[in-house]
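Structural description and commentary
As a plain string of letters, each chain reads:
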Amino acid sequence: MSYVEKHLIPGETVQYRTKLHWVVMLGHVASAAVFELLAITFLIASLSSSGGAKAVPPRSSIYLGAITCFLVGAILSCIGLLKRNATEMAVTNKRVIAKTGLADRRTTEILLSRIESVVVDEPAMGRILGYGTVTVRGTGGTPEVFEKIQHPLKFREQVQRQIAGEPTSVATERRRSGGAAS
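For the structure given in this document, a descriptive report is provided here. (Residues numbered from 1 in each chain as written. Predicted model: local features only at pLDDT ≥ 70, side-chain atom pairs only at ≥ 80, totals over all residues. Heavy atoms only, no water.)

**Quick look at the sheet that holds strand β3 (residues 95-100)**
An order of β1-β2-β3-β4 is seen for the 4 strands of this open sheet, with the pairing classed as antiparallel. Two strands close off the open sheet at either side, each with one partner strand: β1 (14-18) and β4 (106-111). Shown here is a sheet whose adjacent strand axes are inclined to one another by a mean of 15 degrees, direction ignored. (Pairing = 2+ DSSP bridges. Helix = DSSP H or I, 4+ residues; strand = E, 2+ residues; numbered from the N terminus. Axes fitted to C-alpha atoms, helices over the stretch in contact; angles between N-to-C directions.)

**Some remarks on the pairing of strand β6 (residues 131-138)**
Most of β6 is tucked away, with 7 of its 8 residues classed as buried. Bridge count between strand β5 (residues 115-121) and β6: 6 bridges; the pairing is antiparallel. For V119, the partnering residue across the bridge sits in β6 and is T135. In the sheet, β6 pairs with strand β7 (residues 143-150) via 6 bridges, with the strands oriented antiparallel. Bridge pairing links V134 to F146 in β7. (Buried < 20%, exposed > 50% of the residue type's maximum accessible area, 1.4 Å probe, protein only.)

**Re the side chain of S2**
With respect to the helices and strands, the residue S2 is situated in the segment before α1 (3-6). Here the side chain of S2 touches E88 through a polar contact of 3.3 Å, side chain to side chain. In contact with S2, not counting residues within four places along its chain, are R17 and E88. (Polar contact = N/O pair within 3.5 Å; in protein donor to acceptor, adjacent residues only side chain to side chain. Contact = heavy atoms within 4.5 Å.)

**What about the pattern of salt bridges?**
Applying the stated criterion to the full structure yields 5 salt bridges. Among the ionic pairs, R95 bridges to E109, the shortest N-O distance being 2.5 Å. Here the residue R95 occupies a position in strand β3, and E109 occupies one in strand β4, the gap between them amounting to 14 residues. With relative accessibility at 6%, the residue R95 sits in the buried group. What makes E109 partly exposed here is its relative accessible area of 38%. (Salt bridge = Lys/Arg side-chain N within 4 Å of Asp/Glu carboxyl O.)

This is the structure:
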């Protein structure tokens, strides 16, 4: 069960969920790729002949270096995946909720009645790939920034719909798109 589901108040239902976009993993994946390529280089070097070299490290140390590089690359990939999956964001019929972190956790909960504005920043690549930054400003509070989330315009739309009291059920979505409601 997710953090959001565990911490719903009576009468509260989740209307929309989103998470971090895959682009947050790019740095981790790029670093991991460097280590994986380094490991492959070690393995290729261990297989090549050392006819002209005077001091060649033993193959066991080359294999150990390759295994170490593979493990570091895998760990970096896992860190990026954990960062992405440990972040939850949801819009309920009463609040906007965000939780980040696994060991160190930070939660943000803003009552819909206290939201003053919702700002969306989409860089050019964000518009193409579908990510952006949403800033929710509560009355009398500091702005809460949700960076690199998937579908930021849809997140803003859902917040605005809940503030306006519009239902967001599947039947409502079908009616809006011109289909039959069941």
